[in-house]
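Observations on the model geometry
Chain by chain, the residues run as shown.
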Amino acid sequence: MKVAEAVGRALYAAGVGQVFGVVGSGNFHLTNAMVAAGSRFVAARHEGGAATMADAYARMSGTVAALSVHQGPGLTNAMTGIAEAAKSRTPLLVLAAEVTEPRSNFYVDQEALARSVGAVSARVTSAEDAVTEALDAVRRAVCERRTVLLNLPLGVQALDVPDARDDASTLAVVPPERAPVEPEFADAEALARVLEKSRRPVFVAGRGARSPGARDALAALAERHGALLATSAVARGLFHGDPWSLDVSGGFASPLAAELIQEADLIVGWGCALNMWTMRHGRLIGPDTTVVQVDDDTSALGAHREVHLGVTGDVELTARRALETHDANRQALQGEQARQGQQGQEARQGFRTADIGAAIAARVRRRDVPYDDTSTRERIDPRTLSIALDDILPAERVIGVDSGNFMGYPSMYLSVPDENGLCFTQAFQSIGLGLATAIGAALARPDRLPVAALGDGGAMMGAAEFDTVRRLGLPMVVVVYNDDAYGAEVHHFGPDGHPLETVEFPPTDIAAVARGYGFEAVTVRTRADLKAVEDWLAGPRSAPLLVDAKVVADRGAWWLEEAFRGH
C-alpha cells in the first residue's frame, strides 16, 4: 500500500469524514483514498471556496473537517480561507501535496505560508511514520483547536508502507473533541465572590460558549445573580428566546443593548475574547466596571482587554462550579440566619427589573429601532429588505454572511434559532467568503434552510461557487445587497471628497449571472418584488434562489466607522 492510500484510510478512521477541495495530480490519490474509505468529498470550483466551506462545516458540525489541495498554487489559492480558519481557531486539517525541490515551478515554502497566517505546520516524512504523523496532525487540530497544514511530499506519498504500519486501528484513537478544562477551585471561588458583590452584571458569551450545556449553565447562573445575557457575533442566537437577552454586544449592538452594557458594574466574558469588536474598543466598559474573563486557553485571558480576574476553565464547567459555590454559600447563610431568627435573603434582582424587561422586549432587537425608510421606486432600504426577509423566511435557518458595508443588516435583522444559526467567518474580514461559508454551513446543517447574505462585490468574487450550490442540489436562498460598489470605502472616503471611481462599478445584473448557473432568480427593487421569494418557498425549491436586491446607497451602515476604527 502506498503512503497516500494509507494516510487517506487513517484520516477517515480518525474521524475526518468530510473533505472539501480541488483535486490536482498531487492530491489525487490521497483524496480518492479518503473517499474509498468513506469520507464525503465536495469538489469546489476554487481552493479559496473549498477552504471556507471546510472552515464553516467544522464550525457548524463541531467536527474536524479537511481541505485537500494541490502543491504550490493549490495551497496559495486557499490561503485567505486558511487564514480565516486559523485566526478563528477552527479545528481544520489542510492536506497539501508538496514538492521539496526548489527548482520546481510548484515550489513555495509551504511551512512558512502556514506560519504566516497563524496555522500550524506538520509534515509526513517517511513511509514508516506516515500514518502516525497524519494522526498526530488530526489530534493537534482537535485537541488544540488549531488549523493544521499537513504537508505531503510527492516522493513520500509514492512510497510503499510497511505492512505493519498501514493499519490505523493499531494506533492510539484520536479523541473526537477537546477535553473540557476543569477550573481551579480557588478560581471558581473567586468568581463566585465577584458575582456576589455585583449589582448590575452582564454576561457576554463567545465562541467558547457555543453549546447547549454552556447555554443552560450560563442562563442558570445569570438568573441567580440577576445578570443580563449577551453574545459576541459568532455566538449569536445562543440565548435566543430568553427575555433577558441583549442579543449581540459590540458594533452590531442595538442602542438599548449598548446602553445597558455600559451601565454594568461587572462584565464577564465567557469563552469570549472581549476584543475591540465585542467591546467597541473598550467603550462599552464603564470606568468602574469589573471585568472577568473565563476561557479554557490561559493565553487568551487578558489578550485584548485588561481583566480584574481571569479564570482558566471550560465555560460550562466553570459556570456550574460558580453556581454550586453560590448555592452552597446561600444555604450556609440561610442556615445561620434561621439560627438567629432572621429572615432569609431573596434571590438578587440585579438588572432584572420590570422596567428593563419591558424595554428589552420592545427595543433590544435591531429591527425594532425606528428608522427613516429611504427606499425609492428603484432601490430598497437594506433595513426594509432585511426585516421583510426575516418575516418571509422560515425560522429554522442557517445563515452565512460575507463582509462589507451591508453585513450588519443580515447579521442583526435576520433572527436565528440558536447558536448554530449564524456562521460568521469574519476574523480576517475578507470579502468573497460568504457564499462558501453558506455552503459549508448548509452541509453541516441539512435540516435548515441555508441563506447566503452577500454584497455585490463578494458575490462576484465567489461567483464560481454558484456552480457548487447548484451541483450539490442545495435549496439555498442567496441574497445580494447590491449597491454597485464597495460600499464601505464609498461611505468612509466619500464624505471627505475623495474620488470614488476605483470603488464604484456599472450596474451588474447578478440575477442573470445566477440564472446562467441554473438558479432561479429575482431582481428586487421594492417590498412588493419579494413576492417571488414567497412563491419560491411555497414551491418545490428544486433549484436555488438568488435575490438581486438593488439597495439604496445613501449612507454607510451604523457600524461602519466602528469597523474602520479597527484597521
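It should be noted that the structure appears before, not after, this text.
Note that residues are indexed from 1 along each chain, following the sequence as it is written. Note on the predicted model: pLDDT of at least 70 is required for a residue's local features to be given, and 80 or more for side-chain atom pairs to be given and counted; whole-chain, interface and lining totals, by contrast, use all residues. Values reported for side chains reflect all heavy atoms of the structure, with hydrogen atoms and water molecules removed beforehand.

**Things to note about the packing of helix α3 (residues 47–61) against helix α5 (residues 79–87)**
- The axes used here are C-alpha line fits, helices contributing only the stretch in contact, and every angle between their N-to-C directions lies in the interval 0 to 180 degrees. To qualify as a helix, a DSSP run of H or I must reach at least 4 residues; to qualify as a strand, a run of E must reach at least 2; elements of each kind are numbered from the N terminus. Packing of α3 against α5 brings their axes to within 7 Å, and their N-to-C directions diverge by 25°. With respect to their mutual orientation, α3 and α5 come out roughly parallel. Residues A51, T52, D55 and R59 of α3 form the contact with α5, whose own contacting residues are G81, I82, E84 and A85.
- The classification used treats Ala, Val, Leu, Ile, Met, Phe, Trp, Tyr, Cys and Pro as nonpolar, Asp, Glu, Lys and Arg as charged, and all other residues, Gly among them, as polar. Of the residues contributing to the contact of α3 with α5, the split by class is three nonpolar, two polar and three charged. Angles below 35 degrees are treated as roughly parallel, those above 145 as roughly antiparallel, those between 65 and 115 as roughly perpendicular, and all remaining angles as oblique. The contact criterion used is simple: two residues touch if any of their non-hydrogen atoms lie within 4.5 Å.

**Structural notes on the nonpolar core**
- Counting residues in hydrophobic clusters, the biggest one holds 54 residues, and the most contacted among them are L67, I82, L435, M476, V478 and L546.
- Discounting residues that sit within four places of it in the chain, I82 has contacts with A51, L67, L75, V94, V117, A119 and T147.
- One finds V234, Y413, F424 and V477 within the second-largest nonpolar core, a separate group that totals 41 residues. Side-chain atoms within 4.5 Å link the members of a nonpolar core, which is a set of buried Ala, Val, Leu, Ile, Met, Phe, Trp, Tyr and Cys residues. In this scheme, a residue with accessible area under 20% of its type's maximum is buried, one over 50% is exposed, and one in between is partly exposed, where area comes from a 1.4 Å probe on protein chains only.

**Let's talk about the pairing of strand β7 (residues 201–205)**
- The buried count for β7 comes to five of five residues, which makes it a mostly enclosed element.
- The side-chain alternation of β7 yields two buried faces, one formed by P201, F203 and A205 and the other by V202 and V204.
- Only strands that DSSP links by at least two bridges are regarded as paired with each other. The sheet contact formed by β7 and strand β8 (residues 228–231) spans four bridges and is parallel. By the bridge assignment, A205 is partnered in β8 with T231.
- When the strands point away from the viewer and the connection leading from the first strand across the helix to the second strand turns clockwise, the crossover is called right-handed. Following the chain from β7 across helix α10 (residues 212–225) to the adjacent parallel β8, one finds a crossover that is right-handed.

**Description of the environment of E324**
- Inspection of the secondary structure puts E324 in helix α12 (residues 315–339).
- Given a relative accessible area of 49%, E324 falls into the partly exposed group.
- Each C-alpha atom of the pair E324 and A192 lies 9.1 Å from the other, and the pair is 132 residues apart in sequence.

**As for the pairing of strand β15 (residues 449–455)**
- The buried fraction of β15 amounts to seven of the seven residues, a majority that puts the element mostly inside the structure.
- Relative to β15, strand β13 (residues 397–401) runs parallel, the two sharing five bridges. Bridge assignment links V398 to a residue of β15, and that residue is P450.
- Relative to strand β16 (residues 477–482), β15 is paired through five bridges, and the arrangement is parallel. Each residue of the ladder has a partner; that of G455, found in β16, is Y481.

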